[in-house]
Amino acid sequence: MSLLQENKSLGRSAPVGALQGATADAADGHITVIKPSPRWAALNLREVWEYRDLLWMLGVRDVKLRYRQTALGVIWVILQPLLAAAIFTVVFGIIAGVPTGGLPQFLVSYVGMLAWNVFAQTLSKVSTCLVGSAHLVSKIYFPRLILPFSTLFSTLLDFAVALALVPVLLLAFQITPHAGILLLPVFLLIVLMLAMGVGLFLAALTVSYRDVQYVLPVVVQLLMWASPVHYVAAEAAKRLPRAATPFLTANPLTGPLEGFRWALLGQGHMNWPLLGVSALVGMVTLAVGLMAFKNLERRFADVI
């Protein structure tokens, strides 16, 4: 009996790759059938852990590609927020005269860029990770969640490098750190949950609709202006019309962005209820993103 006929006799179907992979087992009378996961398959993080070597390899590859053939290397990671902080110090501090609650405008912008870059880079990399690795997705099997998780390596490395300059800036502006800096990982986690949740949903969507990768940069740029990246939310709310204030507080990024400044600069107003709402929105967003990604995962190899 041929392998295909024997497989049919079991009343099950298997893809060609599964039949080829089952040849070795067929000699022992056993056939391994690889079937697509159910439409609403449960999230299997254990499988991701089993492929941790691949996760590490892809993460290291992403880091190497980022700095390959660059003269300044990781210095660009520091230059980007420094230049942005300098420009927005002129725009918001000198030209617009936006109050900062006693904080130096340069530090307000620099710390805001630290948090914003984590969000923007994570969202951008995760949303395009499947399309960027189409040759892997279409040819070999591995947990697809490996790809979005592997993008976090370079993002967190960039954040760590840029964060290393903060003590120097605090010393230059004569600001003493306080114990609130211990909560910085909490604020970072909230930002990552928001970015990963939206990014996972968009990554699954981009496989079928490539328009997403063209619209996303515009949306991210607009969202930066709607978020307190280069200004203090509490001070900006005083100058906004009362009807516009809810739009600022409804932004889930407002809480962690303000948290970054409070943790690193030790000054400013910390809205804990707003931060709690941001954390809740982050967890829900991440859960929905994982569900959408897992639900559409069975179609990735065929559509991409």
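Scroll up for the structure.
Rules behind the numbers
Residues numbered from 1 in each chain as written. Predicted model: local features only at pLDDT ≥ 70, side-chain atom pairs only at ≥ 80, totals over all residues. Heavy atoms only, no water. Phe/Tyr/Trp six-rings, centres within 6.5 Å; stacked < 30°, edge-to-face > 60°. Helix = DSSP H or I, 4+ residues; strand = E, 2+ residues; numbered from the N terminus. Buried < 20%, exposed > 50% of the residue type's maximum accessible area, 1.4 Å probe, protein only. Axes fitted to C-alpha atoms, helices over the stretch in contact; angles between N-to-C directions. Parallel < 35°, antiparallel > 145°, perpendicular 65-115°, else oblique. Contact = heavy atoms within 4.5 Å. Nonpolar A, V, L, I, M, F, W, Y, C, P; charged D, E, K, R; others polar. Polar contact = N/O pair within 3.5 Å; in protein donor to acceptor, adjacent residues only side chain to side chain. Core = buried A, V, L, I, M, F, W, Y, C linked by side-chain atoms within 4.5 Å. Lys, Arg positive; Asp, Glu negative; His and termini not counted. Salt bridge = Lys/Arg side-chain N within 4 Å of Asp/Glu carboxyl O. Left-handed = near helix turned anticlockwise from the far one by under 90°. Expected span 1.5 Å × (residues − 1). Bend = angle between axes of the 7 residues up to and from the residue.

## Examining the packing of aromatic side chains
Here's step 1: Per the stated rule, a full pass over the model turns up nine aromatic pairs.
Here's step 2: When the centroid spacing of 5.5 Å and the interplanar angle of 65 degrees are considered together, the rings of Phe88 and Trp225 count as edge-to-face. Residue Phe88 is located in helix α6 (residues 75-95), and its partner Trp225 is located in helix α14 (residues 212-226); the two are separated by 137 residues in the primary sequence.
Here's step 3: Assessed through its relative accessible area of 12%, Phe88 is described here as buried.
Here's step 4: Measuring from centroid to centroid gives 5.4 Å for Trp116 and Phe119, while their planes differ by 40 degrees, and the two rings are tilted. Placement of the pair is Trp116 and Phe119 together in helix α7 (residues 105-127), with a separation of three residues, close to one helical turn.
Here's step 5: Members of the aromatic cluster, joined through ring pairs, are Phe88, Phe92, Trp225 and Tyr231.

## As for the packing of helix α5 (residues 52-67) against helix α11 (residues 152-163)
Here's step 1: With their axes 7 Å apart at the nearest point, α5 and α11 run at an angle of 55 degrees to one another. Accordingly, the angle class assigned to the pair α5 and α11 is oblique. Between α5 and α11, the contacting residues are Leu55, Trp56, Gly59, Asp62, Val63, Arg66 and Tyr67 on the first element and Phe153, Ser154, Leu157 and Asp158 on the second.
Here's step 2: Each residue belonging to the contact of α5 with α11 can be placed in one class, and the counts come to six nonpolar, two polar and three charged.

## Topic: the side chain of His230
Here's step 1: Residue placement: His230 occurs in the loop between α14 and α15 (233-239).
Here's step 2: For His230, the side chain forms a polar contact with the side chain of Ser109, separated by 3.4 Å.
Here's step 3: Discounting chain neighbours no more than four positions away, the residues touching His230 are Ala84, Phe88, Phe92, Gln105, Val108, Ser109, Met113, Met224 and Arg261.

## Observations regarding the environment of Gly102
Here's step 1: Along the polypeptide, Gly102 turns up in the loop between α6 and α7.
Here's step 2: Counting along the chain gives 165 residues from Gly102 to Gln267, while the straight-line C-alpha distance between them is 8.3 Å.

## Description of the nonpolar core
Here's step 1: By size, the foremost hydrophobic cluster in this structure holds 81 residues, and its most contacted members are Tyr110, Trp116, Phe119, Leu130 and Phe260.
Here's step 2: The contact partners of Phe260, leaving out residues within four places of it in the chain, are Val111, Ala115, Phe159, Leu184, Phe187, Leu188 and Val191.

## Re the side chain of Glu47
Here's step 1: On the secondary structure map, Glu47 appears in helix α4 (residues 45-50).
Here's step 2: Buried and unpaired, Glu47 has no salt bridge, with Lys294 as the nearest side chain of opposite charge at 4.9 Å.
Here's step 3: Of note is the side chain of Glu47, whose polar atom sits 2.5 Å from the side chain of Tyr141.
Here's step 4: Filtering out sequence-adjacent residues up to four positions away, Glu47 remains in contact with Tyr141 and Pro143.

## Considerations on the packing of α11 against helix α13 (residues 184-208)
Here's step 1: For the pair α11 and α13, interaxial distance at closest approach is 13 Å and the crossing angle is 145 degrees. As for how α11 packs across α13, the hand of that crossing is right-handed. Each of Leu152, Leu156, Phe159 and Leu163 in α11 lies in contact with α13, whose residues at this interface are Leu184, Leu188, Leu192 and Met196.
Here's step 2: Within the contact of α11 with α13, the residues separate by chemical class into eight nonpolar, no polar and no charged.

## Overview of the environment of Leu103
Here's step 1: For Leu103, the position within the fold is in the loop between α6 and α7.
Here's step 2: Measuring from C-alpha to C-alpha, the distance between Leu103 and Ile175 comes to 9.6 Å, with 72 residues separating the pair along the chain.
Here's step 3: Setting aside anything within four residues of it in sequence, one finds Leu103 in contact with Val108, Leu265 and Gln267.

## Quick look at unusual backbone geometry
Here's step 1: Positive phi, close to 55 degrees, is recorded for Gln174, a residue that is not glycine.
Here's step 2: Structurally, the position occupied by Gln174 is in the loop between α12 (166-172) and α13.

## Regarding α7
Here's step 1: Between its first and last C-alpha atoms α7 spans 32 Å; for 23 residues at 1.5 Å apiece the expected length is 33 Å, and the two agree.
Here's step 2: In the structure, α7 departs most strongly from a straight axis at Trp116, where the bend amounts to approximately 25 degrees.
Here's step 3: A large share of α7 lies buried, amounting to 22 of its 23 residues.

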